[in-house]
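In case you want the letters, here they are:
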Amino acid sequence: MMLENQLIKKTFYETFMTAGEKDPVHLLGEAFLEGYKDGTADISAIRFAQGEVYFHKKDYEAAIFKWENTHNDLEPWAKKNIADCYYELGQLSMAEEIYKSIEAESAVLQAEVLLQLFSLYIDQSNMEKADQIIKQAVAFHPDYGDVTEMARSFFEKHRDWKSAIELAANEAIRTESQRWFDMLIDYAERGYTKLFEPSYFLKCLAVLYELDQGRFEQLAEALWTHYQNDRAYFSWLQEFNELFFHLGANRKQSWKRLSELYQDTYFELISGAYLLRDVENFIPNLLTNWIKIANHSYVLFASAAVLAWSEKFPNSLNDEIVREAEDLIFQAKNEFDGLEYSLELFNSIIRWAESQKADRGYRYRWLMQELMDLQTYRVFVAGASGNGKSAFVNSLLGENILTAPTSSIIVFRGGEETEIRKVSDDELITLNFHEFQEAIDRRLNKQMNSSIMEFSLPAPILQENRLALIDTPGFNHRSRLEEAVENYLHLADSVLFVLDVNDPFTENEQEILMYIRECAPHLPVHFLVNKMDEIYDEHEAAAILEETRSRVQAYFPNAKVLAYSSYLRSRKQQHEIHEFFRSLNHGVTEADRVEKMLIFTRQFIHHLLSKWTEMEEKLADSIRWNEEMVAKLSGAINQLADLKNEKVRTITRTFDKVLAEVKEDLTEKIPEILRGCSEMIQEDSDFRSIHLELNDEMNRRIDAHVHERVLPKLYRLLQDWIDTANDELNDCQAFLHEMGEGFNKLFGEERLQLLCDFRVLDDWQRDADRMTSSVELEKVNIFLRRTPYQILLKGAGKLFGVFQQNNLMLYNRYKQFVENEDYIDVTESIIKQLLLQFELFEKTLERDISIFFRKSFAALNQTVDEMKTEIYKKEKDLEKMKTNPEMYHDPLTLFAVKLRQYEWMVVSANRGFSSVTKSS
């Protein structure tokens, strides 16, 4: 190894040096000359040493010359040194070529060549090749020098965390060095290990477990934490727990952080965020490992979790683990903050229910808030119908509040002012007294109302004793009893059962009480014998009371029995009732309230499960209703199209009548006007130009008739037409308004506005003004047309008009022609010219009427499109519900598992005695 160190440092020449010799060049020169002469020395070795001396003196050319002539077993090193020279000279390509050509058996030389190439590639900024060569060096000779440290530094500098982690993991396993495990822990804590699948670290963990369990926990925690929000999270939980199970960990070792991680992870997995199929494969292993290592702070949670899971999923856990949990849960130190955990569980279910739009849970939220109030004592006032319970409550409160048999649960509590609230599943609203009476009146509400009526009032007995009365409907049949008892009995801290002194503790009342005791075995029950004023004999009253007390205490040994009259307000009775309630309220235990909170949480879960079918039915009904509405809206669109077409026909036909009337007038009047022009023709007229004069006069008279008679009449007719159209369109708007109101009643909201665009009437009015006020008729050739008779007549006028004796003949001819001509072509031409713009206007009427209805069509079509989109979405939701019921049921199942875990913890706190031991 000494020789290799000399070769690495290029100090082989020192083997030729003698003590005190300071000039290696001179010494080696003499040795070379002597050896060359007698042939006894190893000339190549001397040349190799000379090359080293020249290298240190930076005479690289001389060094290269010497090393090129080295031909012994040092030749591979000489070749490497030649490459070093080119490296120093900056000829990196030449150096690289030589390094790569070296073939040597020496592992040290190979390692040195690789490290030189690594440095060369860094100098060339060729990081890809540098990465490859340092990895090759580590793989070839990881123990050589600082090769692994150089690799680590290189990877970290270039943020190649994948390679850095591979190096640390491999070296940790190979060397079992704490330094490399610490490095790996650091990488994991910084989150870089997420680049790898969890299985990559299993061997490291197994090795570390045997070496240092503290560091094992550190590494496991770091990996666990950073896989938590990663796609490989479930894979990590599966594989780590399989490994950990086989490592044989137990509670004798200290696993504080892992115990906490197991608890947090288990709670996360059953938080409602995952489906059963996602977690059920690895939760058994997780629970098995958790209970094996859980320290005193977590063993209660772990054992309760095991018992809860095994109850819900029998055979998923080993029987031995379940038995261990059963033993541990009653030995564990109980530091369970039941109120906090129970409320957190309930709130998590509420949040999930809101996200599913399943239930707002106002009623259950109210119940939980009530139970969190440890200062108020709640008495469940019950009794059979007709026992005077309402009168008792009224007398107690000092107000006549209950005036008829009720159908609701009413909670009376003390308050500074009177306030009434109705608490239902979907809402919490304030009522006035009249609304309250209507809401609770059994005559108006045959079925028992599941809502709670909260009635706050300034009643001294409630305020002084911090008391709340839970008044129930009178029980006259089993269904009303079961609903009241099952839903609200556990809100109470005790039961006050009202008996009728005339027939106390009947078989029916005994049956009611047995059912109450079955539902809440540990709930105190006390009795009030009412209507004592109906027994006039004091001895008889005392005897009845004593007999009743004897019969009651045979069933309820600790029950108190109080005599009461709702109509006799004696000071003695008032004192006794105050003392009675004061004796009941000795404070409420937190453990008792936790039990009740868990009971109502279970009720809420069952309530949500029943909502699934209700939601399916509601979705299906909503889809059917929307489809019906789409059909109705489509029918309305068709009806509107028919209405539009009808109005197009009606309004256009009315306009046609206007034009027809004008045409008829013009057809009659124009020929008459033209024939009247014959009066212009006189015997002394100049027949050479009479045709011109006639043509001008005819045009003038027609123009005058049109402007003075026709256009004013046409304007009036158009006004009448516009008024008629306005009436027609107003009828349409009224019809559409009625249609919109009908649809909005069905929608239950102002969703549809069917408006019409009355601006078309303004446009028509403007067009009518324009068309009747700016008419300029072109001059018509009436008497200048080239008809054969006119040509002949005009020719005769020119020819014979110069002769006076011919005037009579021309006069008669012209007169006859003008008065007898039919003027059909001229009339048609004038009508066409005059009415052309009106005919063009008529062609736009259908478009204008379509514009009038456009907003209504758009509103209807948009609503249809929206409802079709809604139908499509709801059909998808319904299909999802039917094909993936586990999306709803699985979270509730896991909530129920967590609830059962808390119930077991309550059982542990009570050391086996609790009203929540049944998991039903």
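A brief structural summary. On a predicted model such as this, the values are computed, not experimentally measured, just so you know.

Rules used throughout
- Residues numbered from 1 in each chain as written.
- Predicted model: local features only at pLDDT ≥ 70, side-chain atom pairs only at ≥ 80, totals over all residues.
- Heavy atoms only, no water.
- Phe/Tyr/Trp six-rings, centres within 6.5 Å; stacked < 30°, edge-to-face > 60°.
- Helix = DSSP H or I, 4+ residues; strand = E, 2+ residues; numbered from the N terminus.
- Buried < 20%, exposed > 50% of the residue type's maximum accessible area, 1.4 Å probe, protein only.
- Lys NZ or Arg CZ within 6 Å of the ring centre and 35° of its normal.
- 1 Å grid on protein atoms, 1.4 Å probe; cavity = no way out; pocket = protein on both sides within 12 Å on 5 of 7 lines; lining within 4 Å.
- Points joined across faces, edges and corners; volume = space filled by probe spheres on them.
- Nonpolar A, V, L, I, M, F, W, Y, C, P; charged D, E, K, R; others polar.
- Pairing = 2+ DSSP bridges.
- Axes fitted to C-alpha atoms, helices over the stretch in contact; angles between N-to-C directions.
- Parallel < 35°, antiparallel > 145°, perpendicular 65-115°, else oblique.
- Contact = heavy atoms within 4.5 Å.
- Left-handed = near helix turned anticlockwise from the far one by under 90°.

Some details on the packing of aromatic side chains
- A full pass over the atoms with the stated rule returns 57 aromatic pairs.
- Here the aromatic rings of W236 and F240 are separated by 4.9 Å at their centres, their planes lie at 20 degrees, and the arrangement is stacked. Pair noted here: W236 and F240 are both in helix α14 (residues 233-247), with a separation of four residues, about one helical turn. Each member of the pair, W236 as well as F240, is classed as buried.
- The interplanar angle of 85 degrees and the centroid separation of 5.5 Å between the aromatic rings of F244 and W255 together place this pair among those described as edge-to-face. With a gap of 11 residues between them, F244 in helix α14 and W255 in the loop between α14 and α15 (256-269) connect regions that are remote in the sequence. W255 carries the same exposure label as F244, and that label is buried.
- Taken together through their ring pairs, the aromatic side chains of Y209, F216, W224, Y227, W236, F240, F244, W255 and Y262 make up a single cluster.
- Note that R179 overlies the ring of W180, its terminal NZ or CZ placed 4.7 Å from the centroid.

Overview of empty space enclosed by the protein
- Tallied over the full model, the rule gives one cavity of 30 Å³ or more.
- Estimates place the volume of the largest cavity at around 30 Å³.
- What lines the largest cavity is simply T650, I651, T654, W721, T724, A725 and E728.
- When residues of the lining of the largest cavity are traced back to their parent elements, those giving at least two are α29 (590-676) and α30 (690-747).
- If you tally residues by element for the lining of the largest cavity, the top one is α30, at four residues.
- Residues of the lining of the largest cavity, tallied by class, amount to three nonpolar, three polar and one charged.

Points about the pairing of strand β5 (residues 452-457)
- A large share of β5 lies buried, amounting to six of its six residues.
- The two faces of β5 match: I452, E454 and S456 on one face and M453, F455 and L457 on the other face are all buried.
- Sheet topology places strand β2 (residues 409-414) next to β5; six bridges connect them, and they run parallel. For I410, the partnering residue across the bridge sits in β5 and is M453.
- Taken together, the five bridges between strand β3 (residues 419-423) and β5 define a ladder with antiparallel strand orientation. For R421, the partnering residue across the bridge sits in β5 and is E454.

Topic: the packing of helix α21 (residues 362-372) against α29
- Put simply, α21 and α29 touch, their axes get as near as 10 Å, and they point 175 degrees apart. One way to sum up the angle between α21 and α29 is to call them roughly antiparallel. Side by side, α21 and α29 meet where R363, Y364, L367, M368, E370, L371 and M372 of the first sit next to R593, K596, M597, F600, T601, Q603, F604 and H607 of the second.
- Residues of the contact of α21 with α29, tallied by class, amount to eight nonpolar, three polar and four charged.

Description of the environment of V381
- Mapping V381 onto the fold places it in strand β1 (residues 377-382).
- Since its relative accessible area comes to 0%, V381 is described here as buried.
- For the pair V381 and L834, spaced 453 residues apart in the sequence, the C-alpha separation amounts to 95 Å.
- Ignoring anything within four residues of it in the chain, the contact list for V381 reads K389, F392, V393, L469, I470, D471, T472, L496 and V498.

A few points about the packing of helix α20 (residues 338-355) against α29
- For the pair α20 and α29, the least separation of the axes is 9 Å and the interaxial angle reads 15 degrees. Considering the angle they form, α20 stands roughly parallel to α29. As α20 runs across α29, the sense of the crossing is left-handed. Facing G338, L339, S342, L343, L345, F346, I349, I350, W352 and A353 of α20, the residues of α29 in contact are E590, R593, V594, M597, L598, T601, F604, I605 and L608.
- For the contact of α20 with α29, a count of residues per class yields 14 nonpolar, three polar and two charged.

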